[in-house]
Structures are given as C-alpha cells and as structure tokens.
Amino acid sequence: MNNIGVGISGIGSFIPEKVITNEDLSKMVDTSNEWIVERTGIRERRIVQKDTTTSDIATIAAKRALEDGGILPEEIDLIIVATVTSDMAFPSTACIVQKNIGAVKAAAFDISAGCSGFVYGLNLAYSFISAGIYRKVLVIGAETLSKIVNWQDRSTCILFGDGAGACILDACEDGYGILATDLGSDGNGGHLLTLPAGGSKLPASLETVSQNLHTIKMDGREVFKFAVRVIEKSANIAVEKAGLILEDVDFFIPHQANLRIIQSAMKKLNLQSHKVYVNLDKYGNTSAASIPVALDEAYRRNLIKKGDVVLLVAFGAGLTWGSTVLRWNKQEV
Ligand code: UT7
C-alpha cells in the first residue's frame, strides 16, 4: 500500500439519552410541533444531564473512534476539539480530553469556527499529516448547546441539541481520504450569530446575566440566506478542486441546521435524496458535532462504501463555512 493519502481511520460518536420533543417545547414557549416541523424539519433533540460537560461527551466519542480504528491513545499526536461550548474559557476542552483518554504524547487545542469547526479541524489535521509533522490526529466536534440556549426564546431554543463526533486522521492509500477542502469566513456577518457576554467585550456581571447575554442570539432569517448561498458556492469549489464534478458525489453530508436549507442545497447541487444524509429530525442542530455524528451514523449503517466520494459542507457562526471532499477509505463495518 502506498501511504500518501490522508483519511479517516477511526470514527465514533455519542448522543445523549435525554429527549426533548417539540411537544415538550410547546409547554415551555409559544410554539407548536407543526411550526417547528414545517419550518425546520426538527422533531426532537437530545440534551445532556446538568452535570455532564462537553469534554465528557467528547471523551466518549474519542474512545469510540480509537476503538473503531484499533488505535491506542498513546499513538495520537494531536487532539483538536471544535466547539462553541468548551467546558470553560481555559484550559481547552482538548486538553481535558487528552487527560481523559490518556493520550500522553499528544498536543491539544480547541478551535472556534462555529458549526464549521469540525470541517476546519479536518483540514488542519490533513495539513499537519501531509506536511509530515504529525501521523495521527484526533479531530472532535462536540457541543452541549443546551447549556447556552435561552430556553425562553422560541426562535432559537427549538433548533439546538447536544452531541459529539470524533475522527482519527491518518495516512491511507494514495487516491483515498481527503481530496480537497474549501474553507472561508466573513466577519462582516459575525453579529448575526453570537453569544455576546463572557468574553473580553462583556465580562460576566450581574447585568449580563440579568439581560440573558450568556445565551445564543441569532438573526435566523439572515443566517438562512447566508447558508443557502454559501453551501452551493463552497461545495462547487471543493468538488472542482478535487478534480471531480457534482455527479461524482456519492454521498452528501450537510451541516444539520434546517431541512429547508438542506433541500435547497440538494436542488442547487442537483443531488438526489438517496445520496443525502439527514438526521436533524432526531437531534436538531448540534453545531460542530453535526457532521461527524452524521458521518459516523451513515458509516455504521453501511450507507458509505469504500471508494465512495463523500462531500461534507458546513456553515456557521463567524460567519464561517467549509467543505471537504473525501474518497472513503474504510471498509464497511
Ligand atoms: O448552525 C447555525 C446556523 N443556524 C441556522 O442555520 C438557522 C437558520 N435559520 C433558520 O433555520 C430559520 O430562519 C428559523 C427556523 C430560525 C426561523 O424560520 P423562518 O422561517 O426564518 O421564520 P422567521 O424568523 O422569519 O419567523 C417567522 C414568524 C415570526 O412571526 P411574525 O413576525 O411573522 O409574526 C416569528 O416570530 O415565526 C415566528 N416564530 C415562531 N413561531 C412559532 C419564530 N420562532 C417560532 C417558533 N414557533 N418556534
């Protein structure tokens, strides 16, 4: 085997047990199951227990990825955690995972790229491995958004859920693994999706707490328009960079934010529904965890076969976006 590709050699995920249905939400805010399903496609979401942290669920996903790949924690050179719900401002969640899994020789850091964080992390891992700096990189997308949602705000609390997904990137056969990536950002739209307080701009104070500024604020309509625009653009760039055309894509995993956004992308990219993975009906939007969780589920359901061209497309706070084209290098489960 000629090892000059960089692919996923281990994958795992974790979704908490506790379910919050649309019906449950309709008892908390002025909404209905019909509205939520029609506008978003979401039927229920999962949330962690009060004392469970992002690092806890990231650790479970990481252990599952190690097991899947038959890889020991001490073989990991670098851990990247993509999250907007880190356990605390510092130390990084990646360092907590490093301790929890016993990755004794790994460097570790977090990245903040909103819902695009996992795709950003994949590109970082690819770059480190291609440059010969590291051999095995653990990339995790993990979120406990239930902790930063304003449960009184019907325009956001219906959307989000908790979860974690992890992949180990490693050398693979030439022609397989990551073929191309497109990443981008537009800070001009940063104000459209924020968690305003708790940083240097608005340190925590009685006032920030009383004004609910430690919870998600979003201009949903504008983010929707941005998403529809950017998915088409970024997917096309990444597919072209890979030397492929959209017809070559066997499987499409979009960020799971809103079914209407996914349907619009399918139409614009001319991708039929059997090629598209959707699980937002069960989990809602889990931000940086949404793509690795969906990828792990699709892999375990044998929907992706070795050699398939897989397209991942994410968008989110920043604003950021990112696409990755992979030729799947793992055998079926
Ligand atoms: O991964 C991060 C990226 N985030 C996203 O991708 C979110 C993208 N945006 C969206 O998914 C959609 O914009 C939402 C689902 C958030 C909202 O759907 P929309 O079709 O854009 O609705 P809207 O914000 O234009 O609101 C329409 C109406 C408003 O009432 P009026 O002003 O027309 O009387 C809202 O107050 O729907 C109302 N509304 C609700 N009604 C019942 C907003 N949220 C709710 C609700 N239940 N939960």
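Residues numbered from 1 in each chain as written. Predicted model: local features only at pLDDT ≥ 70, side-chain atom pairs only at ≥ 80, totals over all residues. Heavy atoms only, no water.

Q: So what's going on with the environment of Glu74? Which residues, and what values?
A: Of note, Glu74 is situated in the loop between helix 3 (54-69) and strand 4 (78-82). For Glu74, the contacting residues outside a window of four places in its chain are Gly102, Val104 and Lys105. (Helix = DSSP H or I, 4+ residues; strand = E, 2+ residues; numbered from the N terminus. Contact = heavy atoms within 4.5 Å.)

Q: I'd love a proper account of the state of the cysteines, names of residues and values included.
A: According to the stated counting rule, one finds 0 disulfides in the structure shown. Between Cys157, a free cysteine, and Cys115, which holds the nearest cysteine sulfur, the sulfur-to-sulfur gap is 16 Å. On the basis of relative accessible area, Cys157 is assigned to the buried category, the value being 0%. (Disulfide = S-S within 2.5 Å. Buried < 20%, exposed > 50% of the residue type's maximum accessible area, 1.4 Å probe, protein only.)

Q: An account of the environment of Glu207 is requested, with residue identities and associated values reported.
A: Here Glu207 lies in helix 7 (residues 206-210). A C-alpha to C-alpha distance of 28 Å links Glu207 and Lys27, two positions 180 residues apart in sequence.

Q: So what's going on with helix 4 (residues 93-101)? Residues and values would help.
A: Within helix 4 the residues assigned to the buried category are Thr93, Ala94, Ile96, Val97 and Ile101. With its buried residues spanning 160° around the axis, helix 4 presents them on a single face. Those residues of helix 4 hidden inside the fold are in contact with helix 3, strand 4, strand 5 (107-111) and strand 6 (137-144). Looking one or two places after helix 4, you find Gly102, whose phi comes out positive at around 75°. (Arc of directions from axis to C-beta.)

Q: Break down the nonpolar core for me, with residues and values.
A: One finds Ile231, Phe252, Leu311 and Phe315 to be the most contacted residues of the largest nonpolar core, which totals 45 residues. Within the residue set of this core, elements represented by two or more residues are helix 8 (220-241), helix 9 (259-269), strand 12 (309-316) and strand 13 (320-327). Val6, Ile8, Ala288 and Ile304 belong to the second largest nonpolar core, which has 32 residues in total. (Core = buried A, V, L, I, M, F, W, Y, C linked by side-chain atoms within 4.5 Å.)

Q: Would you mind going over the packing of aromatic side chains in detail, with residue names and values included?
A: Here the structure, examined in full by the defined rule, presents 5 aromatic pairs. With centroids separated by 5.7 Å and ring planes inclined at 55°, the aromatic side chains of Tyr299 and Trp328 adopt a geometry described as tilted. With a gap of 29 residues between them, Tyr299 in helix 11 (residues 290-300) and Trp328 in the segment after strand 13 connect regions that are remote in the sequence. Take Tyr299: its relative accessible area is 4%, and that puts it in the buried class. Cation over ring: Lys306 sits above Tyr176, and NZ or CZ is 5.1 Å from the ring centre. (Phe/Tyr/Trp six-rings, centres within 6.5 Å; stacked < 30°, edge-to-face > 60°. Lys NZ or Arg CZ within 6 Å of the ring centre and 35° of its normal.)

Q: Describe the side chain of Lys330, naming the residues involved and giving the relevant values.
A: Secondary-structure assignment places Lys330 in the segment after strand 13. Within polar-contact distance, the side chain of Lys330 engages the backbone oxygen of Ser9 at 3.1 Å. Contacts of Lys330, omitting those with residues within four sequence positions, involve Ile8, Ser9, Gly10, Ile11, Asp68, Tyr299 and Lys306. (Polar contact = N/O pair within 3.5 Å; in protein donor to acceptor, adjacent residues only side chain to side chain.)

Q: Got a sec to walk through the pairing of strand 7 (residues 162-172)? Specific residues and values, please.
A: With 10 of its 11 residues buried, strand 7 lies for the most part within the structure. With 9 bridges joining them, strand 1 (residues 5-14) and strand 7 adopt antiparallel strand pairing. Across the sheet, Gly5 pairs through a bridge with Cys172, a residue of strand 7. Note that strand 6 and strand 7 share 8 bridges and pair antiparallel. Looking across to strand 7, one finds that Val139 is bridged to Cys167. (Pairing = 2+ DSSP bridges.)

Q: How would you summarise the pattern of salt bridges if you had to cite specific residues and measurements?
A: Counted according to the given criterion, the structure contains 11 salt bridges. The salt bridge partner of Glu75 is Lys136, with a shortest N-O separation of 3.7 Å. Taken as a pair, Glu75 in the loop between helix 3 and strand 4 and Lys136 in the loop between helix 5 (117-130) and strand 6 lie far apart in primary sequence, 61 residues in all. We classify Glu75 as partly exposed; its relative accessible area is 29%. The partner of Glu222 in a salt bridge is Lys225, with the nearest N and O atoms 2.9 Å apart. In this pair, Glu222 and Lys225 both sit in helix 8, 3 residues apart, roughly one turn of the helix. Among the ionic contacts, a cluster of salt bridges with common partners joins Asp68, Asp296, Arg300 and Lys330. (Salt bridge = Lys/Arg side-chain N within 4 Å of Asp/Glu carboxyl O.)

Q: Describe in detail unusual backbone geometry, supporting the description with residues and values.
A: Here the residue pair Phe90 and Pro91 is connected by a cis peptide bond, since its omega of 5° sits within 30 degrees of zero. If you trace the backbone, Pro91 turns up in the loop between strand 4 and helix 4. Geometrically, the link from Gly318 to Leu319 is a cis peptide bond, its omega value of -5° lying close to zero. Tracing the backbone shows Leu319 in the loop between strand 12 and strand 13. Unlike most non-glycine residues, Asn212 shows phi in positive territory, near 60°. Assignment of secondary structure puts Asn212 in the loop between helix 7 and strand 10 (217-218).

Q: Describe the site of the ligand, and please don't skip the residues or the numbers.
A: The immediate surroundings of the ligand are formed by 23 residues, with Thr31, Arg39, Arg221, Asn258 and Asn285 found nearest. Between an oxygen atom of the ligand and a side-chain N or O atom of Arg260, the distance comes to 3.0 Å. Within the complex, the protein chains bury 75% of what would otherwise be the 950 Å² of accessible surface of the ligand. Of all the elements in the fold, those that place two or more residues in the shell around the ligand are helix 2 (33-40), helix 6 (154-157), helix 8 and helix 9. (Near = heavy atom within 4 Å. Areas by Shrake-Rupley, 256 points an atom, 1.4 Å probe, with all protein chains shown as cover.)

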